[in-house]
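Notes for the structure review
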Amino acid sequence: MTDRTVEDPMSDSSNTFKKAPKRKGDKGRRVTMSPEMKQAYADLITKRGEEEETYKRHLPQNESGKR
């Protein structure tokens, strides 16, 4: 014997699942760098690439892995 006069939380689903409002996309941040800083950053990226190549050179060439 259920009494429908008592509020049933399952019957009022219109307030439970509302669609969230759309958010505006974040705009990307811009950074201003001097030419010297740009060159230093480019040198850093190049150095890291060379270090990665040096590291890969010492790895075994066998690509089989676990299968």
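The rules behind each value
Residues numbered from 1 in each chain as written. Predicted model: local features only at pLDDT ≥ 70, side-chain atom pairs only at ≥ 80, totals over all residues. Heavy atoms only, no water. Helix = DSSP H or I, 4+ residues; strand = E, 2+ residues; numbered from the N terminus. Buried < 20%, exposed > 50% of the residue type's maximum accessible area, 1.4 Å probe, protein only. Areas by Shrake-Rupley, 256 points an atom, 1.4 Å probe, with all protein chains shown as cover. Patch = residues over 30% accessible without salt bridge, like charges linked within 9 Å, V, L, I, M, F, W, Y side chains within 5 Å. Salt bridge = Lys/Arg side-chain N within 4 Å of Asp/Glu carboxyl O.

**Observations regarding the overall build of the chain**
The secondary structure content of the chain amounts to one helix and zero strands. The 67 residues of the chain split such that 0% are buried. Entry remark: accessible area of the chain is about 8,000 Å², with carbon and sulfur atoms responsible for 53%.

**Observations regarding a nonpolar patch on the surface**
Among the surface-exposed residues, V31, M33, M37, Y41, L44 and I45 lie close enough to one another that they form a single nonpolar patch of about 590 Å² accessible area. Checked against the element boundaries, M33 lands in the segment before α1 (35-57). Given a relative accessible area of 32%, M33 falls into the partly exposed group.

**Observations regarding the pattern of salt bridges**
For the structure shown, the criterion picks out one salt bridge. Close ionic contact of K56 with E52 constitutes a salt bridge, the shortest N to O distance being 3.2 Å. Here E52 and K56 lie together in helix α1, a separation of four residues that amounts to about one turn.

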